[in-house]
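Chains, contacts and geometry: an overview
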Amino acid sequence: MHSIIIRLLVVGFQAHHILAIPRLAVETEKAAISQDNNARNYHANAGVLGYVNPKIGTNGISPNDNGGMIPSVSVPFGMTRWTPQTRENYISQVPYHDGDTFIHGFQATHQPAIWMGELGQIVLTPGWARKVKPLFEQRALAFRKEDEVSTPYVYERDDVVGNYTRRIQVAMSAYAHTGHLRFDFEDTTNCQTEEPSQPYVSIQVTRQNWTGQVHIDPKWNEISGSNPQRQDYRLGPDKPASFRGYFVSRFSEPFKSYGTSLGANISEGATSASGELLGAYVKFHSNTKRVEVKTAVSFVSVKQARRNLDIESPDGVTFEDTVENAKSAWLEKLSRITIEGVNSTDEQHDPRTIWYTGLFHALQYPSDFSEPTSRDSKGARTFYSGYTDSAHESNDSYYQSWSIWDTYRAEHSLLTFFAPERVNGMMRSLLQIFDWSGRLPMWANMVETNIMIATNADAVLANAISRGFRSFDLQKAWTAVRKDAYEPPENDTQLLYYDREPDTPYEVRAGLTSYMDHGWVDNDRWSESASRTLDYAFNDAACAIVARAVGEEDQATALEKRAKNYARIWDAETQFMRARNENGTWANETWGWTEGDKWVYTFDVLHDADGLAELFTGGRQGMKAKLDEHFDGGHNMHSNEPSHHVPYLYSLIGYPSAAAERIRDIAWGNYNATSAGLSGNEDLGQMSAWYVFSALGFYPVNPAGDEYVVGTPFFEKVTLRLPAGVATGGELGHADSREKTLVIEAPGATSKPYVKGLSVDGKPIDRPILQHGEIVRATLIKFEMSETPTTWGEDGEL
C-alpha cells in the first residue's frame with residue numbers, strides 16, 4: 001500500500017512554472033496541510049519515512065541522465081505501481097517527469113525501467129465538464145510545482161489549474177494489485193456557471209494500434225476490460241499472443257450516465273466497446289461531492305482482477321485504512337534502520353534522504369507478479385507466465401522484472417540483508433523460467449527481451465548460495481548455469497546479437513562458440529565482443545561457485561581456470577583491455593564495448609583483482625597509477641553500472657585511503673536529495689544499492705562471492721534491525737534465525753574519511769574485507785576513522 005494526494009484547482013488558466021522544491025520534513029508538511037480544513041492529516045507517525053523523497057530520479061534532460069523513476073505508489077515488490085501521469089510513456093520515457101506542469105491522470109504502470117516498455121496499463125482521470133475529454137492531449141490539467149509534496153505514503157499537489165472550472169481534490173493509495181482513488185469535487189451549490197456540468201471519471205484502456213475491450217456494468221457500478229499492449233513485443237523469442245492486462249474499477253457512487261470512447265468519438269449510453277484508443281467514462285450527479293474508485297489489475301483474467309479487488313480492498317476498507325496500511329508496509333522495512341551522526345548540509349544534500357530513498361527504491365524490485373486466490377497469505381497464488389502464455393497456480397510467489405546486467409552487481413546482495421524472506425522465492429522464479437524456456441533470464445519484462453549481455457543470472461544464483469540461501473533446487477541451478485557456460489545460443493555463428501536486435505533466439509552468451517574455442521569473443525563476428533569476453537570470464541567464476549555447491553569439484557576447477565580468460569584480451573603494449581578478431585589481431589580500441597569504453601572495462605575483473613593487477617607493468621603500483629589516470633582524467637562514469645565497483649579496487653590492491661577519497665567524491669557528485677538526484681538510470685535499484693552499501697562502509701565488488709570490500713562509512717552510527725532469517729538463508733525455525741541487531745559505528749566519519757582501524761565484535765580486521773556471514777552475525781562493526789590517509793589495509797586482498 002502506498003498513498004497519494006493531489007488537489008486540482010481548475011480555473012481556466014495555466015499555472016506559473018516553478019522548479020521542484022526539495023523534500024519537506026514531515027512536520028513542515030503537516031503544518032502546510034493543516035492550512036486547509038478539508039485536508040486530512042496523513043503524516044502522523046510517519047517516522048523515518050519523512051526522509052524519503054520518491055521524486056528523486058524523476059528529472060533529467062535526456063533519458064540517460066534521468067533516474068527513470070516515478071513517485072511510486074505500491075507496496076514493496078508490488079506487481080502494479082500507480083503514478084501521476086504527466087506524459088505518455090514508452091521505451092526511453094516513463095509516465096512522470098518532474099519538469100512537467102500538466103497532469104493527465106493516474107496510471108497503473110508495469111514499466112520497470114526507463115529503457116523498457118510498458119505493458120497492460122490503464123489510466124484514470126477525473127474531470128468536471130459537460131463533455132468528457134478522453135484523449136491525452138485534451139485532459140491535461142496544469143499545476144503549480146511549489147505545491148507538490150511527495151512521501152512514500154502520500155503525495156500532494158495544491159492549486160492545480162486546467163481547462164475546467166472547479167476544484168478536484170485527489171487522493172490515491174494502492175496495494176500490490178489494487179489502486180484506491182478518492183476524488184473530492186468542489187461543492188458548487190451556490191456557484192453560478194454559464195452552463196451545467198457534471199463530475200466524471202474517464203478510463204483510458206488502450207492507445208493507438210492496440211485493440212482492447214471494455215464493459216460498463218451500471219448495476220454494480222463497475223467498469224472492466226483489458227489492454228494487450230506490450231511495448232517490447234519485438235524483443236526476444238517469446239511471443240505471448242494471449243497476453244492482456246485486465247482490470248476492474250468499482251465506483252462508490254451510482255452512475256448518472258456513462259459511455260465509451262474510440263479516440264475522440266464518444267458513444268453515450270454504450271456499455272461495451274472494442275478497439276484502439278479505447279476508453280470508457282461515467283458521469284455523476286452534479287451535486288456529487290466525493291467519488292471513490294477501487295481498481296484492481298490482473299494478468300490472469302477479469303475474474304481474477306475482481307478477486308484481487310475483493311481480497312485486497314473489500315467493502316468496508318476505508319481510504320484512511322489504506323493510507324495507514326501504506327505506512328505500515330514501508331515502515332516495516334525502513335524503520336529497521338536508525339542513522340545517527342550525519343554531515344551538516346542543506347536539505348538538497350541530506351544523506352539520510354538519499355539513503356532512505358535509495359532503500360525505498362531498491363525494495364521495489366524484482367516485482368512479485370503472483371496474485372492471491374484467498375485472504376490466506378500462505379494460500380495458493382495464481383500468475384500469468386508469458387513463457388507458456390498461460391496461467392499457473394502455486395504456493396510460491398513469481399517474480400518478474402529482471403534487469404540482471406544491472407542488478408547482479410549490488411541490488412541482489414542488498415536484498416539478502418533487507419528482504420531475506422524473499423530471496424529463495426526469487427531464485428525459485430529464476431529456475432521456473434529455466435524450466436519453461438530452457439534458459440535463465442537476461443532481462444525479463446514478462447518475457448525475455450535479450451537486452452544487455454552475458455548470463456549474469458549465474459552470479460545472482462551464486463550470490464544467494466554464497467550467502468547461505470539454499471531453499472531452492474541447487475542441482476537444477478547447476479544444470480542451468482552449466483548450460484549457460486557450455487551451450488552457445490541458437491544461430492550463434494549467424495547472428496551479431498547486437499543491442500535490441502529484434503526477433504532473436506535466447507541470446508545468453510552470444511559468441512560462446514569462439515570463447516570456448518580460443519578464450520575470447522571475436523570482434524569481427526559478434527557485437528560488444530570485448531565486454532562479452534570479460535563478463536563471460538566473471539560468469540565462469542560464478543558458475544564455479546554453483547558447481548562447488550553441488551559437489552562438482554572438477555567442474556568448478558575447470559570453470560575457475562576459464563575465468564582467467566579476461567587476460568586474453570589484455571594489450572600489454574597499451575595497458576588496456578582490447579577487443580580481438582578471430583585471427584588474434586587487435587581491433588580498434590573503441591570497438592567491442594557495452595555502455596562503456598576501454599577505460600572502465602580495463603577494470604572489469606570483479607572476481608580477481610590481484611590477477612588483474614599482475615597484468616599491469618609494475619603490478620599493483622601500475623594498476624594504481626592507471627586507476628588514478630582513470631579518475632583524474634574524467635573517465636569514470638558512475639551513471640552507468642560498469643563503473644560501480646571501480647573505486648573499491650583501490651582497497652583490494654592495497655590503497656584503501658585512495659578508495660575512500662574516490663568513493664566520497666562519487667557519492668557527492670552523483671547523488672542528491674532533489675528530483676535530479678541520480679546521475680543515471682536507477683535500473684531497478686542498482687544505482688541506489690551502491691549508495692546504500694557505500695554509506696555503510698562496504699560494497700560487494702565480487703557479488704558472486706561472499707565478500708564485501710571496505711571503503712569509507714558516511715555516518716557515525718547506524719543501527720540495523722535485520723529481519724529474521726538474515727543469518728540462516730531466509731529460513732526460520734533455526735536457533736540463529738531470529739532478528740539481528742547490528743550496530744555500525746564510525747566516530748567522526750562525517751569529517752574523517754579514512755579508515756584507521758576496523759573490528760568486528762572486538763576482533764581486529766587487518767585487511768579491507770568483510771564476509772557476509774561475519775556481518776549478519778555480528779553485533780558491532782566498529783571503524784576507527786582518521787582525517788588523514790592511513791596505512792590500514794595496505795596488504796589489500798590476500
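The following refers to the structure shown. Just so you know, the residues in each chain are numbered from 1, in the order the chain's sequence is written. Per-residue local features of the predicted model are confined to residues with pLDDT of at least 70, and side-chain atom pairs are confined, for both listing and counting, to 80 or more; whole-chain, interface and lining totals are unaffected and use all residues. Hydrogen atoms and water are omitted, and side-chain values are computed over all heavy atoms in the structure.

**Let's talk about the packing of aromatic side chains**
Classification of ring pairs uses Phe, Tyr and Trp, with its six-membered ring standing for Trp, and accepts pairs whose centres are within 6.5 Å; under 30 degrees between planes counts as stacked, over 60 as edge-to-face, and the remaining range as tilted. Evaluation of the coordinates by the stated rule reveals 35 aromatic pairs. With a centroid separation of 5.8 Å and an interplanar angle of 80 degrees, the aromatic rings of Trp-210 and Tyr-233 are classed as edge-to-face. Of the two residues, Trp-210 is situated in the loop between β12 (198–204) and β13 (212–217) and Tyr-233 in the loop between β14 (222–227) and β15 (245–251); the sequence distance between them amounts to 23 residues. Accessibility here uses a 1.4 Å probe with only protein chains present; expressed as a share of the type maximum, an area under 20% marks a residue as buried, one over 50% as exposed, and anything in between as partly exposed. Judged by relative accessible area, which is 44%, Tyr-233 ranks as partly exposed. Through pairs of rings, three or more aromatic residues link up here, namely Tyr-51, Trp-355, Tyr-356, Phe-417, Phe-418, Phe-693, Phe-698 and Tyr-708. One Lys or Arg, Lys-598, reaches over the ring of Phe-576 and ends 4.3 Å from the middle of that ring. Its end group placed over the ring of Phe-576, Lys-626 keeps NZ or CZ at 3.8 Å from the ring centre. Helix numbers and strand numbers start at the N terminus; a helix is a DSSP run of H or I with at least 4 residues, a strand a run of E with at least 2. Any Lys NZ or Arg CZ that is within 6 Å of a ring centre and within 35 degrees of that ring's normal is treated as a charge sitting over the ring.

**Quick look at the pairing of strand β18 (residues 272–275)**
Look at any regular strand and the pattern is simple: side chains alternate between the two faces of the sheet. Side-chain alternation along β18 places Ala-273 and Gly-275 on a buried face and Ser-272 and Ser-274 on a face that remains uncovered. Here, a strand pair is defined by DSSP locating no fewer than two bridges between the strands. Strand direction decides the pairing type here: β13 and β18, joined by four bridges, are antiparallel. Counted as the bridge partner of Gly-212 is Gly-275 from β18.

**A few points about the packing of helix α15 (residues 619–632) against helix α17 (residues 656–670)**
Axis definition: a line fitted to C-alpha atoms, limited for helices to the stretch in contact. Angles are taken between N-to-C directions and run from 0 to 180 degrees. One way to put it is that α15 packs onto α17 with a least axis distance of 12 Å and a crossing angle of 20 degrees. What the angle tells us is that α15 and α17 run roughly parallel. Where α15 crosses over α17, the two elements pack in a sense that is left-handed. Between α15 and α17, the contacting residues are Lys-624, Asp-628, Phe-631 and Asp-632 on the first element and Ala-658, Arg-662 and Ile-666 on the second. When residues are grouped by polarity, Ala, Val, Leu, Ile, Met, Phe, Trp, Tyr, Cys and Pro land in nonpolar, Asp, Glu, Lys and Arg in charged, and all others, Gly among them, in polar. Of the residues contributing to the contact of α15 with α17, the split by class is three nonpolar, no polar and four charged. Here the word oblique covers every angle except those under 35 degrees (roughly parallel), over 145 (roughly antiparallel) and from 65 to 115 (roughly perpendicular). Crossings are sorted by hand: turned counterclockwise from the far helix by less than a right angle, the near helix makes the crossing left-handed, and turned clockwise it makes it right-handed. When checking whether two residues touch, look at their non-hydrogen atoms; a contact exists if any pair is within 4.5 Å.

**Side note on the environment of Ala-547**
Among the secondary structure elements, Ala-547 is positioned in helix α11 (residues 529–549). Owing to a relative accessible area of 0%, Ala-547 belongs among the buried residues under this scheme. Separated by 68 residues in the primary sequence, Ala-547 and Thr-479 place their C-alpha atoms 9.1 Å from one another. Beyond its immediate stretch of four places on either side in the chain, Ala-547 contacts Trp-478, Glu-552, Gln-555 and Ala-556.

**Things to note about the pairing of strand β5 (residues 122–129)**
When you tally the buried positions in β5, you get eight out of eight residues, the bulk of the element. Of the two faces of β5, both are covered, the one formed by Ile-122, Leu-124, Pro-126 and Trp-128 as well as the one formed by Val-123, Thr-125, Gly-127 and Ala-129. Alignment of strand β4 (residues 105–109) against β5, held across three bridges, turns out to be antiparallel. Bridge pairing links Ala-108 to Ile-122 in β5. Bridge count for β5 against β12 is seven bridges, and the pairing is antiparallel. Along β12, the bridge assignment pairs Trp-128 with Pro-199.

In short, geometric facts, not functional conclusions.
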